[in-house]
Structure formats: C-alpha cells, structure tokens
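What follows is each chain in one-letter form.
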Amino acid sequence: MKEINHFSHKDHPLNLVNWETVVGVGDDNDEKKDATRCYGCQEPITSGLAYVCITCSHFLHETCAELAPTFIHHQHPVHPLTLEDNIYTSRWFCNVCGKRHIIGGFSYCCSPCDFDVCVKCVSVAAAQKATAAALEKEALTKLKHKGHPEHTLTLQLRPATFHCDACNIDERDLFYRCDGCEFWIHKTCAFLDPTIHHPGHPNHPLVLVFSLPSNFYNYAYFCAFCNKCIQRNDWLYHCANCRYFAHIKCALNAEYPSTTSDTTGTSVPQEPLGELLHFPMSNAFTDPLKVLNSKKTAQDDEEKKEITNWSHNHTLRLNVEPQGNNTPNSGCSDDIKLCNGCARPISHPYYNCKDGCSFILHKYCAELPLTLEHRLHPNHMLFLVSISRGKRYHRCDGCFSDGNTFMYKCETCKFDLDVNCAFLPNMIKHESHKHPLIQVIDPKPFCKACDNQQSSISYACKECDFQLCIYCAVRSPRSLTHRYCKGHEIPLIYPPIEDHPEEFFCDICEWEMNPMYPLYHCLECRNSFHLFCLTQFDHYANVKHGHSMKFSYHKHPLKFIRRKKTPEYVCFYCNIDSNNRLILECQTGNCPFRVCMACHQKNRWALFVSM
C-alpha cells in the first residue's frame, strides 16, 4: 500500500486505496458517496484511486495529492503560481473561471499579485500545455499523405474554419497545409482509418480511396447517405464489389433510425402492408383489372347469363369455364383474343356477342363504372367512353400508350386514362424500396430504376426522394425467358448487387450496364440484359386490331395480331421478343415474316423519306 506525507495533513500519513473498498462494493452507500469530497478540489470522490487517512476523515484524489508545487499559467505568465492550502482562508475566488465564495481546498496563488486559480482550471491548462507540446513536436515532422502525393504537408498549430479538400466541408479544426500548393485538409481527415466496418453495408468492409477509381467513370454514382453525385476527386469510403460509395463524413457521421421505423416513410395514412399488392409480380403487370377483380369474378355468374352493354348494340352472353380455370392457354400458337374493353387477353368469365360478331368483354370490364373520381385528376369527373377502332388512337395520360378500346375521359381538360391505368392501386409495396410507394403524376420525375424522365404515372416515396416510373414499378416482371438462355428463367435483380463481376454488358445491345440500376441477369448463363432491351415498353398495349393491310416494305399483306408462342418468336428486324405484343404478321402460309410496331414505324418513315 503506497503511503505519502502530504502538506495538507501533516499529522498522519495518507494511504493510496481503491475508493470502492472504502464505501463498500454493492452496499447501499449512495449518500456516503455523494457526501465524501476531496479536500483539495472540493469535488465528490466516487471511484478510482484516492489517498485516505485511516485515522481521521481526510481524503484526496490521487491526482490532487500529486499536484506539482508550482505552475506557470498562461493568464498570469509574470510569476509562477504556488500550490497552497486555503484552510485559514475564509473565502476566495478563482481568477480564471470566476467561481466565487470557495471555502478551503487547494489553489495556485501569486501573493504579490493577489491572483488565485482553482485546481480544476490548472488541470485544464496543464492538459492544454501537454497537447500543445505534442502538436509542436508533430508540426516539426513533414507529413507525406497518399491523398496528396505531390507535396508534403505541415501541421498548423492554430485551428481555423476553412473548406477542407478531403471532406468538402467548412468546419473549424486543426489542419494540415500543403508546402507547395493551396491544399488544406482537417487534421482528423489526415488520419482516417483505411478500412471501416459499417452497419449500412454489413457484408463487406469499406475501403478509403482519395478519388473515384477510373474504372467507375462510365456512370454517375451517388453517396449512399446524402444521395449527392460522387465527384471524381472526392475522398470516399467504398466497396468495389458492390459499387457502394459514401463520402467520408457521411459514412462516419451516419445516424440510423430504429428498425421499427423502417416500414413507414410516406406522408399519407398507411394501409396494412399485407393488403398491398407486392411487386414485381411473376408476370408482366398488364392486366390490373384482372388482379384486382380476381376474388369476385364468379360470384354471380348464374344470375346474369345475358346482358346488354352500353358499348355494344347486341346482346352479350356470359361464358364461364366449368373448372373455374381463368388462365388462357398461353402455350397455344393461335392469335390471342383480346377484350374490347381493356385490350388484354381474354379469360373466363367473359361476355361475347350473341349474334356472332367478334365483340368480347371480360365480365369485370362489362361492369366498369360509367363515371370515375380519380386522385390524379381531382377537379373533374371522368366518363367511360369507347374509342372506335376506325378512328385515331387516343393516348393515355397515365402510361402514354395508344389505345382504341375503353377510356376514361375528361373532355374539359383533354385528360384520358385507359381502364388499366385508371384502376392501378394507389399504394404498392416494391422489392426495391423499404417503404410503401404512392401513386403520383409529377411533371419531371427521374426514375430510380431506369434514370429516364417521364411525366406519366409514377410510384414515389417522397420522404426518401425515391420514385419509379410505371414501367419499372408495375410492368417489369420478376423473371423472363429469352432465346439466349434456353430453358432458364432470367430473374430481375436489384442493387446492391454483391460480388458481381467487374463489369456487366448487355447481351442484346452490347453496352456496358450500370449495376446500380435493376437488370435482368441469368446466373447460369452469365448473361445480362437492360430492362428495355429484354422487354421494351409496349406503347400499343391498349390497341386491339385484327384487320390486314398492304405495306410497301413487304410483298404480302400483313395483319395486326398478337400471339403467344416460344422465345424464338421475334421481330425480323430488331430481334426483340414479339410474344404477346402487337405485331404485323404475313398472312401467307409459307412466309414467316413478322415485324414489331417500332420497326414498322421506322420502315414506313424510311420509305417516306426516300420517295
């Protein structure tokens, strides 16, 4: 047991002990702990080592018992201050912190100048002196930093507020200044950890780099926290495998909400997540009316065997499949029969014309309301109309697809919605985002999946500044097939894509792909595809045709038709999958010519220009 003789207690020696042994570990001694104070600094002794007189009640913190006998304070540099015991002083005050009416205890004094400093202020000043001495020693050594290899850096001994060339933040700190150019960085930025383990990216460590690696120049990347575009000269923490980037300050200062808040994020009343439609679906979401009406399609089939409908002059007869299977024969090579209401493949139950004409309607399309109040056009009522196929197409303001079947219209505003867009759900849950997404129409939205700007229907989470266009939100299926991957389903994958090859190239257009956007990737064949290369947006999804026409770029008549065949059923010009899409097909039995609508328009325009 260490023992000392102290000037403040000359009658007995003081013994160094663990303070917990004095008050009793685990005992109910809170009052004793608070009441026992150090004689030197007048602060309570709560834990740690202390000097104790075993004969009488005299206690000192270890640090207070071992204070230096003299000290030169920067606020009184003329004379050294002497450590004194104020046992005979009634009251005194500290000239540094201004604390008044102090009774007893130690202080550093200059008697000729009547200058007193409390022990706490001297301890702070001593620590500052030690830090300054260490900095002066550090400033004598030139720093060679990987983030600025051209010149050496010198530590400046006074803090300043400036724009740091490492973190790009104006912040007060000690700093290093370049000896050869105007390069300044915070002292904290100069000694960052080369790797960190971050909860925002738990599967791989993040590596410090001092500029964006050149192999990532092809695309724009964004900070995982502030969502600002990464500049080439930014200092970053990143994971190359996952193309995960974060500004250094964003990564180090990130705050994470509790897990209970991860299921919220919209500014509208929440619907139960279990009742929301979840996307992407197994098939392309081209028949929303069928999905939304699937639970009630056959409830009253026996009551209305025949009806009259406002859209047709003849009586319509109900057709119900006895087995209740509502799925059309998708493997059949015959042309797909389309509903005259929604232009989607017909399925049971449906109505067809009793008099034998080709008019056909889903049961739920026959029961559509004639007027509709829609949240995307709240000022006026929308009226259901039928577009004659002989007239000009009408373009839907929801998806920008042309149509010639049923449409909800506002004649005042010239606002049109096809019936499929009119009944899209107001809120959905999507695999690419943790919060529910709300249906909106914004004038200039940028889709977070395809990076395209479209003023059609979108699904957005405003709090996260996250938005998906209608195609990426609800019309891109979970998986597709393609003749390049025979027998394999090609899944749709979302970022972050971990442990992927250094580069993805689309096997259709052969352009490099940005793995920070969704893409179709076959794990077995190692083939990758852009969303719009594998399944292009169908601008003729609401068009029903059936007649034949003669065009100058082909010698035989061509018929507008939709078919469902095999992955080899492709356009003769662009090689794009033509299954279930509106195409022009040769009507002679021995000519396999077919052309998609996009190539048809290009051919017609090319012929027009050449004339």
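Residues numbered from 1 in each chain as written. Predicted model: local features only at pLDDT ≥ 70, side-chain atom pairs only at ≥ 80, totals over all residues. Heavy atoms only, no water.

(A) How the structure looks around the overall build of the chain. Broken down by element type, the chain carries 12 helices and 41 strands. Of all 611 residues assigned to the chain, the portion counted as buried reaches 45%. Split by element, the accessible area of the chain, about 32800 Å² in all, is 52% carbon and sulfur. (Helix = DSSP H or I, 4+ residues; strand = E, 2+ residues; numbered from the N terminus. Buried < 20%, exposed > 50% of the residue type's maximum accessible area, 1.4 Å probe, protein only. Areas by Shrake-Rupley, 256 points an atom, 1.4 Å probe, with all protein chains shown as cover.)

(B) Spotlight on the pairing of strand S23 (residues 377-386). Examined bridge by bridge, strand S22 (residues 371-374) and S23 share three bridges and lie antiparallel to one another. From the neighbouring strand, Leu-372 faces S23, where its bridge partner is Leu-382. Connecting the antiparallel pair S22 and S23 is a turn made up of two residues. Inspection of the sheet shows S23 paired to strand S26 (residues 406-410) by four bridges, in the antiparallel sense. The residue bridging Phe-383 from the neighbouring strand is Lys-409, located in S26. (Pairing = 2+ DSSP bridges.)

(C) View of the sheet that holds strand S31 (residues 466-469). Strand order in this open sheet of five strands is S17-S28-S29-S30-S31, and the pairing throughout is mixed. What marks the edges here is a single partner per strand, and that holds for strand S17 (277-279) and S31. Taken over all neighbouring pairs, the strand axes of this sheet differ in orientation by 40° on average, direction set aside. Of the pairings in the sheet, the one linking S17 to strand S28 (residues 427-430) comprises three bridges and is parallel in character. Residue pairing in the sheet places Leu-277 in a bridge with Ile-428 of S28. (Axes fitted to C-alpha atoms, helices over the stretch in contact; angles between N-to-C directions.)

(D) A look at the sheet that holds strand S38 (residues 548-549). Spatially, four strands are ordered S38-S39-S40-S41 in an open sheet, and the strand pairing comes out antiparallel. With partners counted over all chains shown, the strands left at the sheet margins are S38 and strand S41 (594-596), one partner each.

(E) Expanded view of the packing of aromatic side chains. Under the counting rule described, the total for this entry stands at 20 aromatic pairs. Aromatic pair Tyr-39 and Phe-106: ring centres 5.9 Å apart, planes at 75°, arrangement edge-to-face. On the criterion of sequence distance, the pair formed by Tyr-39 in the loop between helix H2 (30-35) and strand S3 (49-52) and Phe-106 in strand S7 (residues 106-110) is long-range, its members being 67 residues apart. Relative to Phe-423, the ring of Tyr-408 lies with its centre 6.0 Å away and its plane at 70°, an arrangement referred to as edge-to-face. Taken as a pair, Tyr-408 in strand S26 and Phe-423 in the loop between helix H9 (419-422) and S28 lie far apart in primary sequence, 15 residues in all. The exposure class of Tyr-408 is buried, given its relative accessible area of 0%. The ring of Phe-71 has Lys-129 lying over it, and the distance from NZ or CZ to the ring centre is 4.6 Å. Here Arg-232 stacks its cationic end above the ring of Tyr-217, 3.7 Å away from the centre of that ring. (Phe/Tyr/Trp six-rings, centres within 6.5 Å; stacked < 30°, edge-to-face > 60°. Lys NZ or Arg CZ within 6 Å of the ring centre and 35° of its normal.)

(F) Here's a closer look at the environment of His-163. Checked against the element boundaries, His-163 lands in strand S10 (residues 148-163). Along the primary structure His-163 and His-186 are separated by 23 residues, whereas in three dimensions their C-alpha atoms are 9.0 Å apart. With near-sequence residues (within four places) excluded, His-163 lies in contact with Asn-168, Ile-169, Asp-170 and Trp-184. In this structure the side chain of His-163 is engaged in a polar contact, spanning 3.4 Å, whose partner is the side chain of Asn-168. A polar contact of 3.0 Å, which involves the side chain of His-163, links it to the side chain of Asp-170. (Contact = heavy atoms within 4.5 Å. Polar contact = N/O pair within 3.5 Å; in protein donor to acceptor, adjacent residues only side chain to side chain.)

(G) The arrangement of the pattern of salt bridges in detail. If you walk through the whole model with that rule in mind, you get 12 salt bridges. As a salt-bridge pair, Lys-363 and Glu-367 come within 2.8 Å of each other at their nearest N and O atoms. Taking relative accessible area as the criterion, Lys-363 reaches 4% and is therefore assigned buried. For Arg-478, the salt bridge is made with Glu-431, and the minimal N-O distance between the two is 3.0 Å. Of this pair, Arg-478 sits in the loop between helix H10 (470-474) and strand S32 (479-480) while Glu-431 sits in the loop between S28 and strand S29 (437-441), placing them 47 residues apart in sequence. A residue is classified by how much of its surface remains accessible, and Glu-431, at 46% relative accessible area, is partly exposed. (Salt bridge = Lys/Arg side-chain N within 4 Å of Asp/Glu carboxyl O.)

(H) The arrangement of unusual backbone geometry in detail. Cis rather than trans, the peptide bond between Phe-279 and Pro-280 has omega equal to 0°. For the bond running from His-348 to Pro-349, omega is -5°, close enough to zero to count as cis. Despite not being glycine, Ala-343 has its phi angle at roughly 60°, a positive value. Residue placement: Ala-343 occurs in the loop between strand S19 (316-319) and strand S20 (350-353).

(I) Molecular detail of the pairing of strand S15 (residues 236-239). Burial along S15 is two-sided: the residues Leu-236 and His-238 and Tyr-237 and Cys-239 are all buried. Pairing geometry for strand S14 (residues 201-209) and S15, over three bridges, is antiparallel. Among the inter-strand pairings, Leu-208 is bridged to a residue of S15, identified as Tyr-237. Both S15 and strand S16 (residues 244-247) contribute to a ladder of four bridges, which runs antiparallel. Within S16, the position partnered with Cys-239 by the bridge is Tyr-244. Adjacent in sequence and paired antiparallel, S15 and S16 are bridged by four residues, among which Arg-243 carries a positive phi angle near 50°.

(J) Representation of the state of the cysteines within the structure. Scanning the model with the defined rule gives zero disulfides in all. Distance from the sulfur of Cys-223, which forms no disulfide, to the nearest cysteine sulfur (Cys-226) is 3.7 Å. Its sulfur unpaired, Cys-525 is 3.7 Å from the next cysteine sulfur, which belongs to Cys-522. (Disulfide = S-S within 2.5 Å.)

(K) A look at the confidence of the model for the chain. Averaged over all residues, the pLDDT of the chain equals 81, while 84% of them reach at least 70. Averaged pLDDT values over the elements of the chain bottom out at 56 in H2 and peak at 93 in strand S12 (residues 184-186). For residues 257-269, every residue scores under 50 in pLDDT, and the model assigns this stretch 20 contacts once sequence neighbours within four places are set aside. The model gives residues 607-611 a pLDDT under 50, and that stretch makes two contacts with residues more than four places away or in other chains. (pLDDT = per-residue confidence, 0-100.)

(L) Fine view of the environment of Leu-60. Counting through the fold element by element, Leu-60 comes out in strand S4 (residues 59-61). Under the relative-accessibility criterion, Leu-60 is labelled buried at 0%. Residues Leu-60 and Gly-40 lie 20 residues apart in sequence; the distance between their C-alpha atoms is 6.3 Å. Among all residues touching Leu-60, those that are not within four sequence positions of it are His-6, Ser-8, Leu-14, Cys-38, Tyr-39, Gly-40, Ile-45, Ala-50, Tyr-51, Ala-65 and Phe-106.

(M) Quick look at the environment of Leu-292. By the element assignment, Leu-292 lies in helix H7 (residues 288-293). For Leu-292, a relative accessible area of 39% puts it in the partly exposed group. With 133 residues separating them along the chain, Leu-292 and Pro-425 place their C-alpha atoms 8.6 Å apart. What Leu-292 contacts, discounting residues up to four positions off in sequence, is Leu-277 and Phe-423.

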